[in-house]
Structures are given as C-alpha cells and as structure tokens.
Amino acid sequence: MRVRILQIVTVIAALGVWEVVARMGWVDPLFVPAPSAVAPALLKIGRGALAGLADTLGKTAVAYVLSVVLGVSAGVAVGSIRLLREVLSPYVIAFYGIPKILVLPWIVLLLGYGTTPAVFYGVLHGFFPIMVLVMGAVRDVDRTLVAVARSLGATTWQLYWKVLLPAIVPSVLGGMRLGVVFCLLGVLVVEMFAGVRGMGHVLGSYANGFQAPELFAATALVSAASIAIVLALDHLNDRLSRWRG
Amino acid sequence: MTVVGLRLGLLALFLAIWEIAGRKVNPLLGVPPSAVLPSLRDLLLLRSYPDLPASLWLTIREIGTAYALAVAAGLGCGFVLGMHRLVGRAWGPMLAALYAVPAVVWYPSLMLFFGLDAASKIAFGFLLGFFPIALAVLAGIRQVNPQLVVVARAYGAGTATVFRRVMLPAMLFTLVGGLRTGLALCVIGVVVGEILGSKAGMGALINHAYGLLRTGDYVALVLVTLVLVVGSDVLASLLERRARRWTE
C-alpha cells in the first residue's frame, strides 16, 4: 500500500518538476515540451500514430512468432545433440553478442525498404536470446531423468515429448518474455533507419521536423504499449507457473 | 580436436557458400569475402578513409564517457534503491518496467535534445548501460545475508568496514556481471546512435560507405568496428575474472 502511494507520488512529482522546469524556461520548449503540451499532442497525433503503432506491432508479432518457433526448435535440436552443441555454440554466442546494427545496412541493401527487412531484423534480434536460453536448459536437463526414461524403454520421441519438453518450459517462457522486447526493438530500429511506415518512422519524422510535443507523445505511446505487452506476458507466465504447480 | 576441426570446417564452408552466392547474386550487394580483403587493406592503409583513426578515437571516447557516466549513475542509483527498503520496493519495479521498453524509442528525443554530435550518442550509450548496472547493484544487495551485517555491526565494525568486508564480497559476483553487461550495452548504444544519425565516428563512416554503395568498404569498416566491440568485451571479461578471483 505504501509502496503504491510512493510510486504514484513519484510519477506526479516527476511530472510536476518537469512542468515547472519547462514553464520557467530552464529548458528550451522547442526541445523539451511541458507535460501540459504533450497531453494535447497525444490527441492530435491520435489516428496517424495508432496506425503506425498497429503497423509496427503487426511486424513485431510476425517476427516474434518466427523467433519463438525457430528459436525453440533450434535450441532443442542443438542443445540435445552433443556434437552439434559443441561445434555450434561459439558461433551462436558470437551471433548473440555482436551488435546487429552493424549488419542492418546490408540487410536493407539486400531486402529493400518495407516489411521484409523489419521482420527479418526483428527475428535476428529475437531468435538468439531464445535459442541460447533453450539450448542451455536442454543441456541442463537432469541426466538421471533421461537415463531412467531410457532404461524403462522410452523411445526417442517419448524422451523429447515426455521428459525434455516439460523440463524446459520455464526457460521457454523466460525466453518468450525476453524475446518480445528484442523483436520490437529490431522492428523499431529498421523503421527508424529505413522505414516508410510504422512507429519508428513516425518517431524519426517528428524528430526531424522538430515537433517535440508530438515526438514525446508518440514516444510515450510506444513505451506504454511495450510495457503493457511485457506485463501481460508476465501475468500469463504467473498463471502458467501456478498451473504447473 | 575433432570439434575444433568441425568448427573451422563449418566456417570455411560458410565463407565458400558466401563467396559463390555473393558473386552469383550481385558482387556489389553480395560482397563476397574475396572482395572484402582488398577493401580491408585499403582501409587499414588509410587509403579509402584517411580519417579512420580520428573516427575510431571519437567512438572510443564516446563509449568511455557514456560508460563512466553509466557506472557512476548506476552504482549511485542502485545503492540508494538497495539501502532504503521502501524506496527500493517502490522504484525497483518502475525501473524494471522502464527497462522493458525498447530503448531505441528514446533515441529520437535524445537526438532532438542533444543534437547530431557526440552528446546524443553518449546519452544513448549511458541510457543503455545504466539499467543493467543499477539492476545488478539492486540484485547484489539483496544477496547479502542481513545476519552477517548485524553480526559485523555487533562486533563493532563501522559502515565502511561492513561494506568492504561483508557486503562487497557477497555481491561482487552479480555486480561485476552487471558492469560487464553495462559496458557491452554502452558500446551497442554508441554504435546504434552513430548509425541512426551522426556526422562523425565509425557509424558515420559506415553510413557513408553504405550510402555510396561502397559495400566492400562497408564490410571492412564493420570488421574494424567489430574488433572494437569484441576487444572491449575481452577487456571486461579479464577484469571480471580478476574481480572474481579476489572474492575466493
């Protein structure tokens, strides 16, 4: 209860300080508009920004589904076959670690402007964290479980379906939570770098046009959407883990 | 041994396929590895981009400044949140929620406010590096066994001694991990900032090569930048290992 109050007070205080700073002219309103200027801008940009947001979230959804499906299958395959894992893991870690922005110009050259590079780049961001998490989880599955299942005559299919998959569910869920932010990040970066539509493009054009109130409003909109998505996934995660017991 | 052989074989296969496919598609867009080598030589001999050292140095300075700020703010903020229970319980989740926003949405605002020069890249690198450091301090403080602190205090240890002898060893593992992640993200932030819009630095050179379709030069510049990225992480991992040895 006290925690909630403190959180609300913090937000109000931050907005208040920001309003005062902007009103007193300590910062140039051309660059940092007061909250009271951002709120009407939110209404003004309404329809266009929502269309951009829908476009971005659509691409993110496609990239996300691809990342999860590919990431989990690749993680299970590479994680469960020892030779494959030992040969591939340095490459996987390297691809996971390098800043993907460096290949973005090349992706745009090869795939052009539009939806395809955004989805591809989103998958590039979402795939590796999911794969790395799942790969580690498969590797760390209790050996005794596998040995017992084998000695009781489980087929390979049963081993994957009845032992491996249930054991890695928490990591898959963790990867899914991590992946969605990465996918959204990837899509937004492409839209900013070479977009003709979508929220990244909207943000970029407001910045280029020095439309600070609109820019702040649009930024707030994307942030709220992404926080809502992550909280929803957290909630789902909670429910599922309670159901698992 | 076979594993290493297979790894190298895979790399060779990958390069061979790239070489063939790159020539077949369009050498300009496919950039086969054989086209990269001459560009890399020209780049390193400062023929294609004479301002390479200056750009590299600017990017390194941006990363250094951003990281110094991120470490200072991250440690400060993390300790304040970790030491005050109520504040930590209220602000911790808010910090975590902000961390869930893809940071790139802040970049246009930062660019508008700080301009196209180094300041906006430093600000963005700072923003990316700050969160993992602050969250690691917060998580590290939670790992400290409060009973140990009470016992140390009961034996008359002052705040500084408690911190150095009890808290720091207990949280160092997490803290150093956060510092390393923070550096990696600072580097990414600065590079992303430079590529999304800048007038100088490695990102500006990369954009220049890309914009003029000098794809060989582009790949060579990316390789040089990668050396910087990997080098910073290797440095961080050495420091991490040292710090961990100190706790044992």
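In this text the structure is predicted, and so the values were computed from the model without any measurement. (Residues numbered from 1 in each chain as written. Chains lettered and ligands numbered in written order. Predicted model: local features only at pLDDT ≥ 70, side-chain atom pairs only at ≥ 80, totals over all residues. Heavy atoms only, no water.)

J.: Tell me about the layout of surface pockets, residues and numbers included.
T.: Counted as a void, the second largest pocket has a volume near 1800 Å³. In terms of lining residues, the second largest pocket is bounded by 39 residues, among which Val11 and Ala14 of chain A together with Met94, Leu98 and Trp106 of chain B are the most central. Contributing elements (two or more residues each) for the lining of the second largest pocket: helix 1 (2-23), helix 2 (35-80) and helix 9 (212-244) of chain A together with helix 5 (85-99), helix 6 (107-114) and helix 7 (118-143) of chain B. Ranked by residue count, the leading element in the lining of the second largest pocket is helix 9 of chain A, at eight residues. Residues belonging to the lining of the second largest pocket are distributed by class as follows: 31 nonpolar, five polar and three charged. (1 Å grid on protein atoms, 1.4 Å probe; cavity = no way out; pocket = protein on both sides within 12 Å on 5 of 7 lines; lining within 4 Å. Points joined across faces, edges and corners; volume = space filled by probe spheres on them. Helix = DSSP H or I, 4+ residues; strand = E, 2+ residues; numbered from the N terminus. Nonpolar A, V, L, I, M, F, W, Y, C, P; charged D, E, K, R; others polar.)

J.: Break down the nonpolar core for me, citing the residues and quoting the values.
T.: Grouped together as the largest cluster of nonpolar side chains are 80 residues, with contacts concentrated most on Ile101 of chain A together with Leu221 of chain B. Among the elements that make up this core, the one with the highest residue count is helix 11 (residues 215-247) of chain B (10 residues). Residues in contact with isoleucine 101 of chain A, not counting those within four places in the same chain, are Tyr121 and Val189 of chain A together with Val191, Val192 and Ile195 of chain B. (Core = buried A, V, L, I, M, F, W, Y, C linked by side-chain atoms within 4.5 Å. Buried < 20%, exposed > 50% of the residue type's maximum accessible area, 1.4 Å probe, protein only. Contact = heavy atoms within 4.5 Å.)

J.: Tell me what's going on with unusual backbone geometry, and back it up with residues and numbers.
T.: Residues and elements named next belong to chain B. The backbone of leucine 46 shows a phi angle near 60°, a positive value even though the residue is not glycine. Locating leucine 46 in the fold gives a position in the loop between helix 3 (33-44) and helix 4 (52-83). Positive phi, normally seen in glycine, also occurs at leucine 213, with a value near 55°. Following the sequence through the fold, leucine 213 ends up in the loop between helix 10 (202-211) and helix 11. Given the relative accessible area of 35%, leucine 213 is considered partly exposed.

J.: Break down the environment of arginine 153 of chain B for me, with residues and values.
T.: Residues and elements named next belong to chain B. Tracing the backbone through its elements, the reader meets arginine 153 in helix 8 (residues 146-154). Linking arginine 153 and alanine 118, residues 35 residues apart in sequence, is a C-alpha distance of 47 Å. With residues up to four places along the chain from it excluded, the contact list for arginine 153 reads Gly158, Thr159 and Val162.

J.: Help me get a handle on the interface of chain B and chain A, residues and values and all.
T.: Contacts between the two partners involve 44 residues from chain B and, on the opposite side, 46 residues from chain A. Counting the surface lost from both chain B and chain A, the interface buries some 4100 Å², and carbon and sulfur atoms represent 82% of this. Between the two partners, chain B and chain A, sit zero salt bridges. Summed over the shared surface of chain B and chain A, the result is eight residue pairs in polar contact (both at pLDDT 80 or more). Of all the elements in the fold, those that place two or more residues in the side of chain B that touches chain A are helix 1 (2-25), helix 2 (27-30), helix 5, helix 6, helix 9 (159-196), helix 10 and helix 11 of chain B. For the side of chain B that touches chain A, the element with the highest residue contribution is helix 5 of chain B, accounting for eight residues. Counted by class, the side of chain B that touches chain A contains 37 nonpolar, five polar and two charged residues. (Buried area = accessible area lost by both parts, 1.4 Å probe. Salt bridge = Lys/Arg side-chain N within 4 Å of Asp/Glu carboxyl O. Polar contact = N/O pair within 3.5 Å; in protein donor to acceptor, adjacent residues only side chain to side chain.)

J.: Before we move on, could you go through the pattern of salt bridges and cite the residues and values that matter?
T.: All names here are of chain A. Applying the stated criterion across every chain yields a total of 14 salt bridges over all chains. Of the charged contacts in the structure, one is a salt bridge between arginine 82 and glutamate 86, with a shortest N-O distance of 3.4 Å. Within this pair, arginine 82 and its partner glutamate 86 are both found in helix 3 (residues 82-97), separated by four residues, close to a single helical turn. Exposure remark for arginine 82: the relative accessible area of 56% places this residue in the exposed category. Among the charged side chains, a network of salt bridges with common partners joins Asp55, Lys59, Glu191 and Arg197.

J.: Quick one: what's the story with a positive patch on the surface, residue by residue and with numbers?
T.: Taken together, the side chains of Arg2 of chain A together with Arg85, Arg89 and Arg142 of chain B present a region of like positive charge at the surface. With respect to the helices and strands, the residue arginine 89 of chain B is situated in helix 5. (Patch = residues over 30% accessible without salt bridge, like charges linked within 9 Å, V, L, I, M, F, W, Y side chains within 5 Å. Areas by Shrake-Rupley, 256 points an atom, 1.4 Å probe, with all protein chains shown as cover. Lys, Arg positive; Asp, Glu negative; His and termini not counted. Charge placed at Lys NZ, Arg CZ, Asp CG, Glu CD.)

J.: Before we move on, could you go through the side chain of glutamine 7 of chain A and cite the residues and values that matter?
T.: Along the chain, glutamine 7 of chain A falls in helix 1. For glutamine 7 of chain A, a relative accessible area of 13% puts it in the buried group. Within polar-contact distance, the side chain of glutamine 7 of chain A engages the backbone oxygen of alanine 90 of chain B at 2.8 Å.

J.: Could you give an account of the packing of helix 4 (residues 104-111) of chain A against helix 5 (residues 115-139) of chain A, naming the residues involved and the relevant values?
T.: Residue and element names in this part refer to chain A. Between helix 4 and helix 5, whose axes approach to 9 Å, the crossing angle comes to 140°. Two packed elements cross with a definite hand, and for helix 4 against helix 5 that hand is right-handed. Counting all contacts with helix 4, which are made through Leu104, Ile107 and Leu111, the residues of helix 5 involved are Thr116, Pro117, Phe120, Tyr121 and Leu124. Looking at side-chain class alone, the contact of helix 4 with helix 5 contains seven nonpolar, one polar and no charged residues. (Axes fitted to C-alpha atoms, helices over the stretch in contact; angles between N-to-C directions. Left-handed = near helix turned anticlockwise from the far one by under 90°.)

J.: For empty space enclosed by the protein, give the residues involved together with the corresponding values.
T.: All names here are of chain A. As enumerated under the stated definition, the model contains one cavity of 30 Å³ or more in all. Roughly 40 Å³ of internal volume is contained in the largest cavity. Along its surface, the largest cavity is lined by Lys59, Gly114, Thr115, Ala118, Val190, Glu191, Ala194, Gly195, Val196 and Arg197. Counting only elements with at least two residues in the lining of the largest cavity, the list comes to helix 5 and helix 7 (156-194). Ranked by residue count, the leading element in the lining of the largest cavity is helix 7, at three residues.

J.: Any chance you could break down the side chain of threonine 215 of chain B for me, citing the residues and the numbers?
T.: Turning to its location among the elements, threonine 215 of chain B is positioned in helix 11. When its relative accessible area of 4% is taken as the criterion, threonine 215 of chain B is described as buried. Beyond its immediate chain neighbours, meaning those up to four positions away, threonine 215 of chain B contacts Leu109 of chain A together with Leu28 and Val31 of chain B.

J.: Break down the packing of aromatic side chains for me, citing the residues and quoting the values.
T.: All told, the structure shown has 13 aromatic pairs over all chains when counted by the stated rule. Relative to phenylalanine 128 of chain A, the ring of phenylalanine 95 of chain A has its centre 5.8 Å away and its plane inclined at 15°; by these criteria the two rings are stacked. Linking phenylalanine 95 of chain A in helix 3 with phenylalanine 128 of chain A in helix 5, this pair joins segments that are 33 residues apart in sequence. Looking at phenylalanine 95 of chain A, the relative accessible area reads 42%, which means it is partly exposed. In textbook terms, an aromatic cluster arises when at least three aromatic residues are bridged by ring pairs, as seen for Tyr99, Phe126, Phe130 and Phe131 of chain B. (Phe/Tyr/Trp six-rings, centres within 6.5 Å; stacked < 30°, edge-to-face > 60°.)

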